[in-house]
Structure formats: C-alpha cells, structure tokens
Amino acid sequence: MALLTSDVDRFEKARPRLEAIAYRMLGSSAEAEDAVQETFLRWQAADVGRVEVPEAWLTKVLTNHCLNQLTSARARRETYVGQWLPEPLLAGDPMLGPADTAEQRESVSYAVLVLLERLTPNERAVYVLREAFAYTHREIAEILDIGEAASQQIFHRAKKHLADGRARTEIDEAAARRIVEEFLAAATSGRTEPLVRLLTQDSLVVGDGGGKVPARAGAFGGALAVARFLRGLFRPSDAKRALVGGSPAFYASTANGGPAIVAVVDGRVIGITCLDVTPDGIVAVRSQVNPDKLDRATERWAAGGHEEVPLFTF
C-alpha cells in the first residue's frame, strides 16, 4: 500500500526515537537501523489510516522485532569468537537518544549496555522503555501484551539484576578529557605504578575483536594484572603498526557519555576504549576493536572534522 507523504513524514519524525530505542535494545547501530527499516516496511504495509496512535503502534512493532532479534542473538553469540561487547557511539550521535535526565544518561552508558546483556529480552525491553523513554507501565504492558503489574515486576527485577553495588560518576566533556589524558600518560609511561593508582583493586579489562582483530579471549581482573597488560598494550612496536595498517593516533573523546580513547589510522577509527569510572577509580577498561562495530564511529569521526593534536601516537 502506497503511503501518503504525510504518513512518511510521520514515520521520519519518529525515526530518531525508534533508532535510540533499538540501539539500547540491541547494542548495535547496524542492527538498530535494520530494526527501524523493518518497522517502516510494516508501517508501509499497514492500513495506517486506522492506526489511532501511530507512536504507540510503531513502538510496539519495533520492540517486538527487537525481542525476536535478541532471542536469535543469544544463539549467535554462543559461537561468537572471543568476548562480545556492544558497539560504542561517539559524542553527539543521535542514536544515543535523550540525555535530559540522569536515568536517561545512565541507561545508554557503556557500562549499563554491557550489563543489559544479563537480562532476558523482556527485562531489557521493559527497562529501556521505562528508564530511558519514561513510558508508563500501562503503555509498556500494551506494547508487550502483558499485564501492568507484570511490567512493574519485570522492571524491578531488571533493576535488581543491573545493580552491581557501584555508584558511577557523572562526567562532563572536560572531566572526561582529563581522565583520558591521565590514563594515557600512565599507560604510556612504561611503568605499572601510575596505572595501579588509577585503577580499583578489582578492576578488569576486556576487548572485543570479533575474531577479526587480536583481543583477549575473555575478561580478566586485578589492578596489577590489568596495569601490566595495559603497559604492554600501549608499548609501540613495528608489529603493532603492521597489524593496524599504520601508525595509530590516540585521542580523548567520549563514548556513550563516558571517557573514551579513540584510536585512528588514516581517518579510520580502529578502536574505542571506554573507561568505566567510579568515585574509587577506573573499574573497567573495555576496548571495541572489531571493525564491524566501528563503521559508524568512523563516519562520525570524519564528520566531526577533528583537527586537535592526538595525545599519543605509535
């Protein structure tokens, strides 16, 4: 069924919100875009003139598609090479969605996106819709075809699963840059002591290479072990330059609202390292180096016209 221009415009107006929901649900910009495109195809095939509340209809279709994707994703990740991490998004990316409240900012933080993997698909949907987009439990119940009381119970269960006993630190852009500068100075000093002072005793490091770029097969922790690993990681060598196709430059940035190191070779983002900061120090260092999860970051980086001097180069 051909859509009227007004119906297409109505969908395009909803697209940013739909993409932001799908990204939080799936942890991947490409999968989020596919989910929104599938929702548009459903909208195109529907008798939209009989849709009383288009926003609710579109959200329901999108959410249920994401639920199906999450179910199949669990099976795919059983065969994923190495540790699976979400795709980080750089500052200003519209797919990050609303950031007006502390709850909205927290819901898209990289640490929370990692923790969301602990949830069942329904728990993830309820958490995202309630915490990030302020849907009422009545609205969520209608979207998921469950009772309102069930929505409330699922939300409280999701919050409990996500609680890890640590208070995250809200960080502005200037503070994020200072943290990255201090971290890189310590990591490139050739000594472990400066890094140990920045890390919590139970800090961990994890990388996602997707089997395409070398990365540790699993997370490991402990301040001294993490410091030693990072000291070696940031030690320049010809072998590392050959591996990434050039001499990488490291910049301070933010990803998902938190401090991040962006590694760039010839305008191509080859890695984003997200630092999970608490009042006690850096509790996690998570690096996304799978090239399949860095295309959007490269586009964003190029569009930003970055001309500042990198903090460090190999």
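Within each chain, residue numbers correspond to sequence positions counted from 1 in written order. For a predicted model such as this one, the threshold for reporting local features is a pLDDT of at least 70, and the threshold for listing and counting side-chain atom pairs is 80 or more; totals across whole chains, interfaces and linings nevertheless cover every residue. For the side-chain quantities, the full set of heavy atoms in the structure was used; hydrogens and water were omitted.

A. Expanded view of the side chain of Thr63. To qualify as a helix, a DSSP run of H or I must reach at least 4 residues; to qualify as a strand, a run of E must reach at least 2; elements of each kind are numbered from the N terminus. Looking at the element boundaries, Thr63 is found in helix 3 (residues 54-77). A simple rule labels every residue: compare its accessible area, found with a 1.4 Å probe on the protein chains alone, to the largest value its type can have, and call it buried under 20%, exposed over 50%, or partly exposed in between. A residue is classified by how much of its surface remains accessible, and Thr63, at 1% relative accessible area, is buried. The contact criterion used throughout is that any non-hydrogen atoms of two residues lie within 4.5 Å. If near-sequence neighbours (up to four positions away) are discounted, Thr63 is found in contact with Met25, Ala125, Leu129, Ile143 and Leu144.

B. How the structure looks around unusual backbone geometry. Residue Ala134 is not a glycine yet carries a positive backbone phi of 55°. At Asn256, a position not held by glycine, the phi torsion is positive, near 55°. Within the secondary structure, Asn256 sits in the loop between strand 3 (249-255) and strand 4 (258-265).

C. Representation of the UniProt feature "domain: RNA polymerase sigma-70 region" (unreviewed entry) in the protein chain. UniProt positions are given in the numbering used here, feature names are shortened, and annotations may be inferred rather than shown by experiment. Under the UniProt annotation, the feature "domain: RNA polymerase sigma-70 region" (unreviewed entry) is placed at residues 11-74. What you have in residues 11-74 is 84% helix and 0% strand, and the ends, taken at the C-alpha atoms, are 30 Å apart.

D. Seen up close, the UniProt feature "domain: RNA polymerase sigma factor 70 region 4 type" (unreviewed entry) in the protein chain. Residues annotated by UniProt as "domain: RNA polymerase sigma factor 70 region 4 type" (unreviewed entry) correspond here to residues 111-162. When the span residues 111-162 is considered, its composition is 77% helix and 0% strand, and the gap between its end C-alpha atoms is 10 Å.

E. Region of interest: the pairing of strand 3. Most of strand 3 sits inside the fold, with seven of its seven residues counted as buried. Every second residue of strand 3 is oriented toward a common face, with Ala249, Tyr251, Ser253 and Ala255 on one face and Phe250, Ala252 and Thr254 on the other, all of them buried. Two strands are counted as paired when DSSP detects at least two bridges linking them. Sheet topology places strand 3 next to strand 7 (residues 312-313); two bridges connect them, and they run antiparallel. Bridged to Phe250 within strand 7 is Phe312. Where strand 3 and strand 4 come together, seven bridges link them in antiparallel fashion. By the bridge assignment for strand 4, Tyr251 is matched with Val262.

F. Structural context of the pattern of salt bridges. Salt bridge, as used here: a side-chain nitrogen of Lys or Arg that lies within 4 Å of a carboxyl oxygen of Asp or Glu. Taken as a whole and judged by the stated rule, the model has 13 salt bridges. In this structure, Arg157 and Glu123 form a salt bridge, with 2.8 Å as the shortest nitrogen-oxygen distance. Linking Arg157 in helix 8 (residues 148-162) with Glu123 in helix 6 (residues 121-132), this pair joins segments that are 34 residues apart in sequence. One salt bridge connects Asp292 with Lys212, and the closest N-O pair in it is separated by 2.3 Å. Taken together, the positions of Asp292 in the loop between strand 6 (281-288) and helix 13 (295-304) and Lys212 in the loop between strand 1 (199-208) and strand 2 (220-221) put the pair 80 residues apart, joining distant regions of the chain. With relative accessibility at 51%, the residue Lys212 sits in the exposed group. When salt bridges that share partners are traced, they join Glu33, Asp93 and Arg296 into one network.

G. Region of interest: the packing of helix 1 (residues 5-26) against helix 6. Every angle, taken between N-to-C directions, lies between 0 and 180 degrees, and every axis is a line fitted to C-alpha atoms, over only the stretch in contact when it is a helix. In the contact formed by helix 1 and helix 6, the axes pass within 10 Å of each other and the chain directions differ by 135°. One element, helix 1, and the other, helix 6, form an angle in the oblique class. Crossing hand, helix 1 versus helix 6: right-handed. Contact residues: helix 1 offers Ile21, Arg24, Met25 and Leu26, while helix 6 offers Arg124, Ala125, Val128, Leu129 and Ala132. Residues are grouped as follows: Ala, Val, Leu, Ile, Met, Phe, Trp, Tyr, Cys and Pro are nonpolar; Asp, Glu, Lys and Arg are charged; every other residue, Gly included, is polar. The residue inventory of the contact of helix 1 with helix 6, partitioned by class, reads seven nonpolar, no polar and two charged. Orientation is classified from the angle alone, with under 35 degrees giving roughly parallel, over 145 giving roughly antiparallel, 65 to 115 giving roughly perpendicular, and any other angle giving oblique. Rotating anticlockwise by less than a right angle from the far helix to the near helix defines a left-handed crossing, while the corresponding clockwise rotation defines a right-handed one.

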